[in-house]
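Coordinates in review
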Amino acid sequence: MKNKSVKIAVIGGGAAGLAAAITCGERFGKGSTAIIEKQVRTGRKLLATGNGRCNITNRNVSPEHYYGDRQIINSVISGFSPDDSEKFFGKIGVLFRDDTEGRVYPHSNQATTVLDCMRMRCEKLGIEELCGFNITSINRENGIFIISSSEITLKAENLIFATGSQASNLLGSDDSGYKLLSSFGIEHTPLFPALSPIYTKEKYKNLKGVRAKGNVSLIADGKTIKKRDGEIQFTDYGISGICVFEISRFVNEFFMLGTINGKKYNNIKISLDVMSEYSFDVLCNYLKKCRRIFADNKTQDILSGALSKKLSQSITEYCHFDKKLCGQLNDYEIKKIANAVKNFIFTPVISDGYKSAQVSAGGIGSEYINPVTLMSKKVKNLYVCGELLDVDGDCGGYNLHFAFGSGMIPSKYIK
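Just so we're clear, the structure is a prediction, and the values are computed from it rather than from any experiment.

Topic: the overall build of the protein
- Scanning the protein for helices and strands turns up twelve helices and 22 strands.
- For the protein, the spread of C-alpha atoms along the three principal axes comes to 85 × 45 × 35 Å.
- Long-range pairs, those at least 24 residues apart, make up 73% of the contacts in the protein with a sequence separation of at least 6.
- Split by element, the accessible area of the protein, about 18100 Å² in all, is 48% carbon and sulfur.

Have a look at this one:
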């Protein structure tokens, strides 16, 4: 069995772990830092972010885009801006490209660019990547952490946990980090998937692949709780798209905990408005006009000038008017179609859990972690960063921004 000793051991070679290792290596020099990674290579999950494009950050980063422990959110985000992110990545050779929504990507539009530059920086700093390292135990003796596998024992003065969560478990993610932290008496808040598609009871097979701009509303016990705008994507199991992902956090919380933002609710629905730029009255007038234009056509054609054919057909089927002709519709039925366009109801069901989720909500909070230093309040020189913390963000680069930003914090306080 091999024995190694370092000043800092980073458990986890993802976004937060690589950022932690680089900043520690820069401060303490060659040979000071090692990364422990159970996968055969670091950064596997990072390569999948942003559909392979790696949405590094967002120009609109602010605490309002995050959920969870407010003390940790405010501390990390106030100390790490999008400009700080650009400076960090600029030093390792990554050039940024912004889109019109404030999302920031590598200029190459490839996640491999980010990972390659981070790994090359690690190599230059003499940071050893111990891949295929399956931890069997972590002990602490005389202030030194002893991390063991079947083949290697690594001793470290400081230990940074950056293992991530079980989100995207097809890429090898799991809850091992939480289990290891629990052995030190550091516990997490309830966990549930976030940023995932929403599975629904209603299945419209002909809508698979259809996209429509509009808004998505979460209705709990008859009241609208959350609303998001954007492109809605229809699937064979329900709905997807960025706006849907941002609503999914609360849907998953409901199914896992029976709450939304910590408040108990009995039932939930999803309402889609697929023509959100038009008021109900304006839409009714448009449909009355189309009633004349398409008088001899089946009702499924009444929206053919505004929506895709498949979506128009599904909405009229939803109203049970698909057998009638447009010219036969009375004003009440016109209003019913307009209401369906503005309030297309779906019933969420339990999803596939972490399989399709991009991040996990919940985690280690400020009860156990100093929100400024990210060091454990129970165990000296043990730090926690990234997705292990009780912080999750909206779609659009916010989660990666937090991962990188929190990963850089421990190096400032390690002595």
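Notes on the sheet that holds strand E5 (residues 96-98)
- One open sheet holds the three strands; their spatial order is E3-E6-E5, and the pairing between them is antiparallel. Only two strands of the sheet have a single partner each, and these edge strands are strand E3 (57-58) and E5.
- As defined by bridge partners, E5 adjoins strand E6 (residues 103-106) across three bridges and the pair is classed as antiparallel. Bridge pairing in E6 places phenylalanine 96 opposite proline 106.

Quick look at the packing of helix H1 (residues 15-28) against helix H5 (residues 111-124)
- For the pair H1 and H5, the least separation of the axes is 10 Å and the interaxial angle reads 35°. In the packing of H1 onto H5, the handedness of the crossing is left-handed. For the pair H1 and H5, the contacting residues are Ala15, Leu18, Ala19, Ile22 and Glu26 in the first and Leu115, Met118, Arg121 and Cys122 in the second.
- Here the contact of H1 with H5 is built from residues that sort into seven nonpolar, no polar and two charged.

Notes on the pairing of E6
- Bridge count for E3 against E6 is two bridges, and the pairing is antiparallel. Looking at E6, one finds that threonine 57 is bridged to valine 104.
- Between E5 and E6, which pair antiparallel one after the other, the connecting turn spans four residues, and glycine 102 there sits at a positive phi close to 90°.

Quick notes on the layout of surface pockets
- Volume-wise, the second largest pocket comes out at about 240 Å³.
- Looking at the lining of the second largest pocket, the elements that each hand over two or more residues are H1, helix H3 (70-78), helix H4 (82-91), helix H11 (398-408) and helix H12 (410-413).
- For the lining of the second largest pocket, the leading source of residues is H4, giving four residues.
- Residue classes in the lining of the second largest pocket are distributed as seven nonpolar, five polar and five charged.

Points about the packing of aromatic side chains
- Under the counting rule described, the total for this entry stands at 14 aromatic pairs.
- With 5.4 Å between their ring centres and 75° between their planes, phenylalanine 254 and phenylalanine 255 make a pair best called edge-to-face.
- Site record: aromatic cluster; members linked through ring pairs are Tyr204, Phe234, Tyr318, Phe344 and Phe346.
- Looking at arginine 53, its charged tip hangs above the ring of tyrosine 105, at a distance of 3.8 Å from the centre.

Looking at the nonpolar core
- Among the nonpolar cores identified, the biggest contains 80 residues, and Phe89, Met118, Phe161 and Phe404 are the most heavily contacted of them.
- The element best represented in this core is H1, accounting for eight residues.
- Once you skip the residues sitting within four places of it in the chain, phenylalanine 161 turns out to touch Ile11, Ile138, Gly177, Leu180, Leu181, Phe184, Leu382, Tyr383, Val384, Cys385 and Leu388.
- Judged by nonpolar contacts, the second largest core, of 46 residues, contains Ile268, Leu307, Leu311 and Ala338.

A word on unusual backbone geometry
- Residues other than glycine seldom take positive phi values, yet leucine 195 does so here, at roughly 55°.
- One can find leucine 195 in the loop between strand E11 (192-194) and strand E12 (198-199).
- For leucine 195, a relative accessible area of 3% puts it in the buried group.
- Phi is positive for aspartate 221, which is not a glycine, with a value near 50°.
- Tracing the backbone through its elements, the reader meets aspartate 221 in the loop between strand E13 (211-220) and strand E14 (223-234).

Thoughts on the sheet that holds strand E15 (residues 238-240)
- With antiparallel pairing, six strands are arranged side by side in an open sheet as E12-E15-E14-E13-E18-E19. Looking along the sheet, the strands with just one partner apiece sit at the ends: E12 and strand E19 (344-346).
- The pairing of E13 with E14 spans ten bridges and is antiparallel. Counterpart to lysine 213 in the pairing with E14 is glutamate 231.
- Where helix H9 (residues 309-318) meets the sheet, it contacts E13, E14 and E19, and its direction lies at approximately 80° from that of E19.
- Along the sheet face, helix H10 (residues 331-342) touches strand E18 (268-273) and E19 and points at about 105° away from the line of E18.

Looking at empty space enclosed by the protein
- Evaluated as defined, the whole model comprises one cavity of 30 Å³ or more.
- Along its surface, the largest cavity is lined by Thr200, Glu202, Lys203, Tyr204, Leu207, Phe234, Thr235, Asp236, Tyr237, Gly238 and Phe346.

Examining the packing of H3 against H11
- For the pair H3 and H11, the least separation of the axes is 9 Å and the interaxial angle reads 80°. As the angle between them shows, H3 and H11 are arranged roughly perpendicular. Residue-level contacts link Ile72, Val76 and Ile77 of H3 to His401, Phe402, Gly405 and Ser406 of H11.
- Class assignment for the residues of the contact of H3 with H11 results in four nonpolar, three polar and no charged.

Procedures and definitions
Residues numbered from 1 in each chain as written. Predicted model: local features only at pLDDT ≥ 70, side-chain atom pairs only at ≥ 80, totals over all residues. Heavy atoms only, no water. Helix = DSSP H or I, 4+ residues; strand = E, 2+ residues; numbered from the N terminus. Contact = heavy atoms within 4.5 Å. Areas by Shrake-Rupley, 256 points an atom, 1.4 Å probe, with all protein chains shown as cover. Pairing = 2+ DSSP bridges. Axes fitted to C-alpha atoms, helices over the stretch in contact; angles between N-to-C directions. Left-handed = near helix turned anticlockwise from the far one by under 90°. Nonpolar A, V, L, I, M, F, W, Y, C, P; charged D, E, K, R; others polar. 1 Å grid on protein atoms, 1.4 Å probe; cavity = no way out; pocket = protein on both sides within 12 Å on 5 of 7 lines; lining within 4 Å. Points joined across faces, edges and corners; volume = space filled by probe spheres on them. Phe/Tyr/Trp six-rings, centres within 6.5 Å; stacked < 30°, edge-to-face > 60°. Lys NZ or Arg CZ within 6 Å of the ring centre and 35° of its normal. Core = buried A, V, L, I, M, F, W, Y, C linked by side-chain atoms within 4.5 Å. Buried < 20%, exposed > 50% of the residue type's maximum accessible area, 1.4 Å probe, protein only. Parallel < 35°, antiparallel > 145°, perpendicular 65-115°, else oblique.

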